[in-house]
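# Chain and residue survey
The primary structure of each chain is shown beneath.
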Amino acid sequence: MIYFDYQSSKPVDPRVIESMLPYFDKKFGNPSSLHKIGDEATEILDHSRQAVAKFINAKPEEIIFTSGATESNNLALIGFALRNKHKGNHIIISEIEHISLHNIAKYLQKNGFEITRVPVDFYGQIDLDALKDSITDKTILVSINYANNEVGTIQEIAEIGNLCRERGIAFHTDAVAAESQIHINVEDNKIDLMTLSSNDIYGPKGVGVLYIKKGLRLNPIIIGGGQEFGLRSGTENIPGIVGMKTAAEIMEKEMDSEIATLKVYQKKLIQGVLDNIPDSYLNGHPEKRLANNVHFRFDGIEGESLLLALKDKDISVSTGSACSSKTLEPSHTLIALGLVHEEAHGSLQLTMGRFNKPEDIDTLLNLLPGVVKKLRGLSPLYKES
Amino acid sequence: MKSTTYSEKVLDHFRNPRNVGTLEGEDVSMGRVGNPVCGDLMEIYIRVKDNIITDIKFKTFGCGSAIATASMITELAKGKSIEEAEKITRGDVADELDGLPPIKMHCSNLAADALKAAIKNYREKGHQSEKEKRTLQKIIGIERFQDAGVYTKINDPQQLKDKRIIILDKGEESVSRACLLRELSPRVVFITPNKESLFNEEFKQKLHKARVKILYETEILELLGRKKIEKIKVHDLNEDEVYELFADAIIL
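Residues numbered from 1 in each chain as written. Chains lettered and ligands numbered in written order. Predicted model: local features only at pLDDT ≥ 70, side-chain atom pairs only at ≥ 80, totals over all residues.

A count of helical and extended segments in chain A gives 12 helices and 12 strands. Expected size for 385 residues packed as a compact globule is a radius of gyration near 21 Å; at 22 Å, chain A falls within 12% of this value. The 385 residues of chain A split such that 54% are buried. Sequence-distant contacts, at least 24 apart, represent 71% of the contacts inside chain A between residues at least 6 apart. (Helix = DSSP H or I, 4+ residues; strand = E, 2+ residues; numbered from the N terminus. Rg over C-alpha atoms; globule rule 2.2 N^0.38 Å. Buried ≥ 20, exposed ≤ 12 C-beta atoms within 10 Å, placed from the backbone. Contact = placed C-beta atoms within 7 Å.)

As structure tokens, this is what we get:
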């Protein structure tokens, strides 16, 4: 099996699993308990908070553990909006946010907040002028992803951070797609709120983080026993949190060499596809893109049938085609780039990661031209020229 | 059930589609149906002799179930009389394939409709006339976006560098302009109200070679945006569907 869908799910690193195991049965304490085993849990929770803080150059008290990126996005937007609505009711996001963020924004819109969705260019980069123009005296929050989860385009985060800081507006960024590919520094980039996921750095699912800059005020969205500085109640998921700690420590050490390898794969894939498959195109930015991401479109064929044909050859990929989504809508990100429906349907997303081997790239490059040719032979939209 | 969880029979027809291709000749009729929301387009060609479908072929742009249903209906209809073939329903096709995922029953089960369209085409033979060339409606928002994305002439092409450009079909000059601008921008879309079959073949080749995207049978209804053009509302005349396309500039 060849796996090219690291953006959807990553395997947990064996070293991470190892580090988690004692916390299921031997060190099973609840940090709220006052006995020895409870103290042990408090200690590892503190250590984990420090490790994740170091990973993004934050302070430990700025790290809130959650159940994952979706919850972190909910806390960032809803928690911030509710606490700060006396200052204004306007929130700015982009057209290419993750679906969870889009739906949270829609929810806030139904509840009295005004949402502006800033457009992107053909490469997927935010129109900074449009962002500036969208700011009003009612704007309290800007939320733009660090890098896009589909086409991998990296945003000018420092510029957006500067702009927001100058205007006294809080800046949230969903860094899930970026966290395994970029050394993130929340101080330098003037980030106020940031979403992280454990699985996206090869940790377990069900754990995430919201970074909240010291001094920023939010309302909790999960109310209870007051854990996580009162911002996220519920007994801490210690095994999961330990897993995220180990994952962050490994990622910090190994990121540079991983990126170097992924860049070689990326270059080979892009060249191999564009040179050997006629009427194929790269979606997203040619340079400012995550090293683990390639995203193509092919004239005349539909993504789900491409995915199925590769599935038959034991290769796992992803597509922006509507036919493989729950809603039967094409990817909102590809449409926002300026693609028309039939182009969005013909897209292929390949995301690579820690456990890919050079042979994986060769195998795909050997098979793909034939698969595309076969499907084009069935298509009324493609005539060989 | 996942939208891509298919029966073995569906997968078999997807892997080894039967009767792929087109037919040509006086005695051939064609039906074309499509659903742009789901991204499926299907063509079925039938050759009828003495009221019997003696040959049938298909072409499909679509997902796994779109390909499998088209393949299946060609098997079901071959050798049948027009009246028998007309009775084949969407349900029959799905049943013969041992079922389809529920979400695909409506949108990717077009084969019966395509066959019916081909039969309709067979009955109407001799009474057809191509639709007249359509005239453009007035586009809403042209005045509002003057100097903010609407161009009638281009003094400095560099100002369009890397912009997403929409060019309206105004004949040869607009075709050349589209090809030139494509060198400055990764995204140039040429919009014409004409059907693909009626569009000048030389222009088509030129635009294709320059990698300009062509949208046939489309007209522009409205320009949308805050301070400058962000989206255009377009009308797909073939499907009679209105949708929005993200763009930065339009050249009239």
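Time to look at the nonpolar core. Ranked by size, the top nonpolar core spans 169 residues in total, and within it Y211 of chain A together with A111 and L115 of chain B carry the most contacts. For this core, the leading source of residues is helix α8 (residues 238-276) of chain A, giving 11 residues. Among residues more than four places away in sequence, those in contact with A111 of chain B are M42, T69, A70, M72, I73 and V93 of chain B. (Core = buried A, V, L, I, M, F, W, Y, C linked by C-beta atoms within 7 Å.)

Residues and elements named next belong to chain B. Of note, P157 is situated in the loop between β4 (150-151) and β5 (164-168). The spacing of P157 and K206 is 49 residues in sequence and 20 Å in space, taken between C-alpha atoms. Setting aside residues no more than four positions away along its own chain, P157 makes contact with L181 and L184.

Turning our eyes to something else, we now look at the sheet that holds strand β12 (residues 347-351) of chain A. Residues and elements named next belong to chain A. Spatially, the three strands line up as an open sheet ordered β9-β10-β12, and their pairing is antiparallel. Only two strands of the sheet have a single partner each, and these edge strands are β9 (280-282) and β12. For this sheet, the mean inter-axis angle between neighbouring strands, taken without regard to orientation, is 25 degrees. The pairing of strand β10 (residues 293-298) with β12 spans five bridges and is classified as antiparallel. By the bridge assignment for β12, H295 is matched with Q349. (Pairing = 2+ DSSP bridges. Axes fitted to C-alpha atoms, helices over the stretch in contact; angles between N-to-C directions.)

Quick look at the confidence of the model for chain B now. All names here are of chain B. In this model, chain B carries a mean pLDDT of 88, and residues with pLDDT of at least 70 account for 92%. Here helix α5 (residues 104-107) stands out as the element of chain B with the lowest mean pLDDT, 74, in contrast to strand β6 (residues 187-191), whose mean of 96 is the highest. Counting interchain partners and residues more than four positions distant, the pLDDT-below-50 stretch residues 127-136 has seven contacts. Among the scores for the predicted complex, ipTM is 0.83 and pTM is 0.90. (pLDDT = per-residue confidence, 0-100.)

To continue, consider the interface of chain B and chain A. Between chain B and chain A, the contact holds 34 residues from the first and 32 residues from the second. Of all the secondary structure elements, the ones that give two or more residues to the side of chain B that touches chain A are α1 (8-15), β2 (40-49), β3 (52-61), α2 (64-77) and β10 (241-246) of chain B. The element best represented in the side of chain B that touches chain A is β3 of chain B, accounting for three residues. Each residue belonging to the side of chain B that touches chain A can be placed in one class, and the counts come to 17 nonpolar, eight polar and nine charged. (Nonpolar A, V, L, I, M, F, W, Y, C, P; charged D, E, K, R; others polar.)

Quick look at unusual backbone geometry now. If a residue is not glycine, its phi is most likely negative; likewise, a peptide bond is most likely trans. All names here are of chain B. The backbone phi angle of N19 is positive, close to 55 degrees, even though this residue is not glycine. Mapped onto the secondary structure, N19 falls in the loop between α1 and β1 (28-35). With 19 C-beta atoms packed within 10 Å, N19 lands in the partly exposed category. Of note, R211 is a non-glycine position whose phi angle comes to about 65 degrees, a positive value. Turning to its location among the elements, R211 is positioned in the loop between α8 (201-209) and β7 (213-215). According to the C-beta neighbour criterion, R211 is partly exposed, with 14 such atoms within 10 Å.

Right, let's talk about the domain arrangement of chain B for a bit. Domains assigned within chain B are domain 1 (8-124) and domain 2 (150-251). Relative placement of domain 1 of chain B and domain 2 of chain B: their C-alpha centres are 33 Å apart. (Domains from an automatic or database assignment.)

All names here are of chain A. Parsing chain A into structural domains produces domain 1 (14-250) and domain 2 (255-367). Computed over C-alpha atoms only, the centres of domain 1 and domain 2 are separated by 27 Å. If you look at the interface, domain 1 gives 21 residues, while domain 2 gives 21 residues. Classifying every residue of the side of domain 1 that touches domain 2 by side-chain character gives 11 nonpolar, eight polar and two charged.

Turning to the pairing of strand β6 (residues 170-174) of chain A, a few remarks are in order. Residues and elements named next belong to chain A. With respect to burial, β6 is a largely interior element, five of its five residues being buried. Every second residue of β6 is oriented toward a common face, with A170, H172 and D174 on one face and F171 and T173 on the other, all of them buried. By the bridge criterion, three bridges tie strand β5 (residues 139-143) to β6 in an arrangement that is parallel. Looking at the pairing, L141 lines up with A170 of β6. The parallel pair β5 and β6, bridged by helix α7 (residues 157-167), forms a crossover whose chirality is right-handed. (Right-handed = clockwise from strand over helix to strand, strands pointing away.)

Residues and elements named next belong to chain B. Strand order in the open sheet made by the three strands is β8-β9-β10, with antiparallel pairing throughout. With partners counted over all chains shown, the strands left at the sheet margins are β8 (218-224) and β10, one partner each. Between one strand axis and the next, the sheet turns by 30 degrees as a mean value, whatever way the strands run. In this sheet, β10 lies alongside strand β9 (residues 231-236) in antiparallel orientation, the contact comprising six bridges. By the bridge assignment for β10, K233 is matched with E244.

As a further point, take the packing of helix α3 (residues 36-55) of chain A against α8 of chain A. Residues and elements named next belong to chain A. Here α3 crosses α8 at 35 degrees, and the two axes come no closer than 9 Å. In this structure, the crossing between α3 and α8 has a hand that is left-handed. On α8, the residues touching A41, I44, L45, H47, S48, A51, V52 and F55 of α3 are I238, I241, V242, M244, K245, A248, E249 and E252. Here the contact of α3 with α8 is composed, by residue class, of 11 nonpolar, two polar and three charged. (Left-handed = near helix turned anticlockwise from the far one by under 90°.)

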